[in-house]
Amino acid sequence: MPKAIIIGGGVAGPAAALFLRRAGWEAEIFEARPAPDAFGGLFLNVATNGLAVLDTLGLKNRLLEAGHLCPYMEMSSGRGRMLGTVPNGPAGEPERGSVVVRREWLNSVLREATAEAGIPLTWGARLDRIEETASGVTAHFADGTRAIGDILIGCDGVGSPTRRWIDPTAPDPTYAGLLSIGGFARVEGLAPTPLTQHMVFGSRGFFGYLVRDDGTAYWFANPARAERDRDELRAVPSTTWIDELRSLHAGDPYPVPQILDHTTGAIGAYGIYELPHVPHWHRGRVVAVGDAVHATSPSAGQGASLALEDAVTLALCLRDHPDHQQAFARYQQLRQHRAEEVVAYSRAIGRQKTVTSSKLAILMRDALLPLFLRGAMKDTRNNHLYNHTIPWESSILDT
Ligand SMILES: Cc1cc2nc3c(=O)[nH]c(=O)nc-3n(C[C@H](O)[C@H](O)[C@H](O)COP(=O)(O)OP(=O)(O)OC[C@H]3O[C@@H](n4cnc5c(N)ncnc54)[C@H](O)[C@@H]3O)c2cc1C
């Protein structure tokens, strides 16, 4: 059986391993983090198209066990005025809407399945260097260990060393100028928000939240800030973030200040980055998947779903093409346009979050958005983003 070394145990890595196993490959996953982190990465939206991939793996229902169904997003202004509702999934089909889960729940559902399938995963294995020979590829890890396979799949996220190995001149991710800071809160008397996530165009910053049936609020804020690296962001104490956000959102409507006041546990802070176009997704025996080649801002809630789509497509290409070179080329050809379209779409949504200090601009935005959003619930122009399906049974050669 040919063997794939998979770098990264986030979303794309375990999904690729599961699909490759079905395609007749042996797979082994190597993850840099020392251990799973139950809090890590806050929460994310798994879109209809990502749920379809999980369904193919038989994992959709398991994911939904701890999910908040979210087919609607309600927008309101910093004065508490309702601006409109938009579908979070294909318009007109709320039953096929997206779902919000803790990130670690998505990761652990995928990892559970790899463990059941007997796919090994090594924690604390940070890829340091790749070496390719005529007959195989070797991953060298920072701790001095190594792994040998027929191909190497970089599922190593936005900072991907694999992307750099494939093309030393590959673009770096661009910073969107916004942070995503979030956490969890319980506010006495705050009602659950079934089927809905709320988005508030606050007077000095964008704020999103939902409330689970058990009363737990999931929230995030997108303050505009200068770029700081991941370690610098991690070093900021949660109390500092909360103080900053309290001041930024002090004038915003209920329950925004209350959620910030009642946040418990650590606050996560992440820079928002994107990779709108990476020319080369593969070289020799090495290929990259997910954020490594098309990181998207979180505004469209599609990054994880795209990573899942990549995983199934790459496995189909490896199943149906006679050699890995052809398979990798076909995979990039099938995926690149769609991924770049989603990255651009997400960026366009993100622009609306950019804060302006001009009162006039805010008034204009609050007056125009309801007009713009009026037809959104019936507007099917973006349905193709959610209705994308990748059937496992069909041959990739027929597409
Ligand atoms: C704040 C924020 C909010 C987001 N919200 C959403 C959302 O609502 N919906 C959505 O779909 N997407 C969202 N995203 C994007 C989403 O997280 C990514 O698109 C998705 O996780 C991509 O999956 P991946 O497997 O490609 O990368 P990741 O999930 O990032 O996994 C990469 C893995 O590789 C590991 N790794 C990195 N370097 C190495 C190395 N050298 N050696 C070994 N392992 C390595 C990392 O530790 C990590 O576990 C959000 C992102 C951010 C930052």
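None of the values given here were measured: they were computed from a predicted structure. (Residues numbered from 1 in each chain as written. Predicted model: local features only at pLDDT ≥ 70, side-chain atom pairs only at ≥ 80, totals over all residues. Heavy atoms only, no water.)

1. Comments concerning the sheet that holds strand β19 (residues 286-288)
Here we have six strands laid out as an open sheet, ordered β8-β2-β1-β12-β19-β18, and mixed in their pairing. In the strand order of this sheet, the two ends are held by β8 (121-122) and β18 (282-283), each with one partner. The pairing of strand β2 (residues 26-30) with β8 spans two bridges and is classified as parallel. Counted as the bridge partner of F30 is T122 from β8. (Pairing = 2+ DSSP bridges. Helix = DSSP H or I, 4+ residues; strand = E, 2+ residues; numbered from the N terminus.)

2. What to know about the pattern of salt bridges
Summed over the entire model, instances satisfying the criterion amount to 18 salt bridges. With a closest N to O distance of 2.6 Å, E104 and R111 form a salt bridge. Both residues of the pair, E104 and R111, count as buried. Between E274 and R347 there is a salt bridge, with its nearest N and O atoms 2.5 Å apart. (Salt bridge = Lys/Arg side-chain N within 4 Å of Asp/Glu carboxyl O. Buried < 20%, exposed > 50% of the residue type's maximum accessible area, 1.4 Å probe, protein only.)

3. Details of the packing of helix α1 (residues 12-22) against helix α4 (residues 103-116)
A pair of packed helices can be characterised by two numbers: the angle between their axes and the separation between those axes. Orientation of α1 relative to α4, taken along the N-to-C sense of each, is 35 degrees, at an axis distance of 9 Å. Crossing handedness for the pair α1 and α4: left-handed. Note on element contacts: α4 touches α1 through L110, R111, A113 and T114, opposite P14, A15, A17 and L18. Of the residues that constitute the contact of α1 with α4, the class distribution is six nonpolar, one polar and one charged. (Axes fitted to C-alpha atoms, helices over the stretch in contact; angles between N-to-C directions. Left-handed = near helix turned anticlockwise from the far one by under 90°. Contact = heavy atoms within 4.5 Å. Nonpolar A, V, L, I, M, F, W, Y, C, P; charged D, E, K, R; others polar.)

4. Structural notes on the pairing of strand β7 (residues 98-102)
Regular strands have side chains that alternate between both faces of the sheet. Of all five residues in β7, four are buried, a share of seventy percent or more. One ladder, built from four bridges, connects strand β3 (residues 43-46) with β7; its direction is antiparallel. Counted as the bridge partner of F43 is R102 from β7. Of the pairings in the sheet, the one linking strand β4 (residues 68-70) to β7 comprises three bridges and is antiparallel in character.

5. Regarding the site of the ligand
In the vicinity of the ligand, 30 residues are found, and the nearest of them are E31, N45, R103, D291 and A304. The separation between an oxygen atom of the ligand and a polar main-chain atom of V11 is 3.1 Å. Measuring from a nitrogen atom of the ligand, one finds a backbone N or O atom of L127 at 2.8 Å. A total of 1,000 Å² of accessible area belongs to the ligand in isolation, and the protein chains cover 85% of it. If you list the elements that add at least two residues to the shell around the ligand, you get β3 and α10 (303-320). Split by residue class, the shell around the ligand holds 14 nonpolar, ten polar and six charged. (Near = heavy atom within 4 Å. Polar contact = N/O pair within 3.5 Å; in protein donor to acceptor, adjacent residues only side chain to side chain. Areas by Shrake-Rupley, 256 points an atom, 1.4 Å probe, with all protein chains shown as cover.)

6. Regarding a nonpolar patch on the surface
Residues L360, M364, L368 and L371 make up a contiguous nonpolar surface patch of about 420 Å² in total accessible area. Topologically, L368 is positioned in helix α12 (residues 359-373). (Patch = residues over 30% accessible without salt bridge, like charges linked within 9 Å, V, L, I, M, F, W, Y side chains within 5 Å.)

7. Topic: the sheet that holds strand β14 (residues 196-201)
In space, the seven strands of this open sheet follow the order β6-β5-β14-β15-β16-β13-β17, with mixed pairing throughout. Looking at strand neighbours, the two that pair on one side only are β6 (82-87) and β17 (263-274), the edges of this open sheet. The average undirected angle you get between the axes of adjacent strands in this sheet is 20 degrees. Relative to β17, strand β13 (residues 174-186) runs antiparallel, the two sharing eight bridges. What sits directly across from L179, in β17, is G271.

8. Considerations on the domain arrangement of the chain
Each assigned domain of the chain is listed here: domain 1 (3-173 + 275-398) and domain 2 (174-274). Distance between the C-alpha centres of domain 1 and domain 2: 23 Å. The partner domain 2 presents 37 residues to the 42 residues of domain 1 that form the contact. The tally of links from domain 1 across to domain 2 stands at one salt bridge. Taken together, domain 1 and domain 2 are joined by 13 residue pairs in polar contact (both at pLDDT 80 or more). At the level of elements, β4, β5 (72-77), β7, α11 (324-351) and α12 are the ones that each hand at least two residues to the side of domain 1 that touches domain 2. Sorting elements by how many residues they give to the side of domain 1 that touches domain 2 places β5 first, with six residues. (Domains from an automatic or database assignment.)

9. Concerning the packing of α1 against α10
The contact between α1 and α10 brings their axes to 8 Å, and the two run at 30 degrees. One finds that α1 runs roughly parallel with respect to α10. Considering only the axes of α1 and α10, their crossing is right-handed. For the pair α1 and α10, contact is made by A12, A15, A16, F19 and L20 and by A307, L308, A311, V312, A315 and L318, respectively. (Parallel < 35°, antiparallel > 145°, perpendicular 65-115°, else oblique.)

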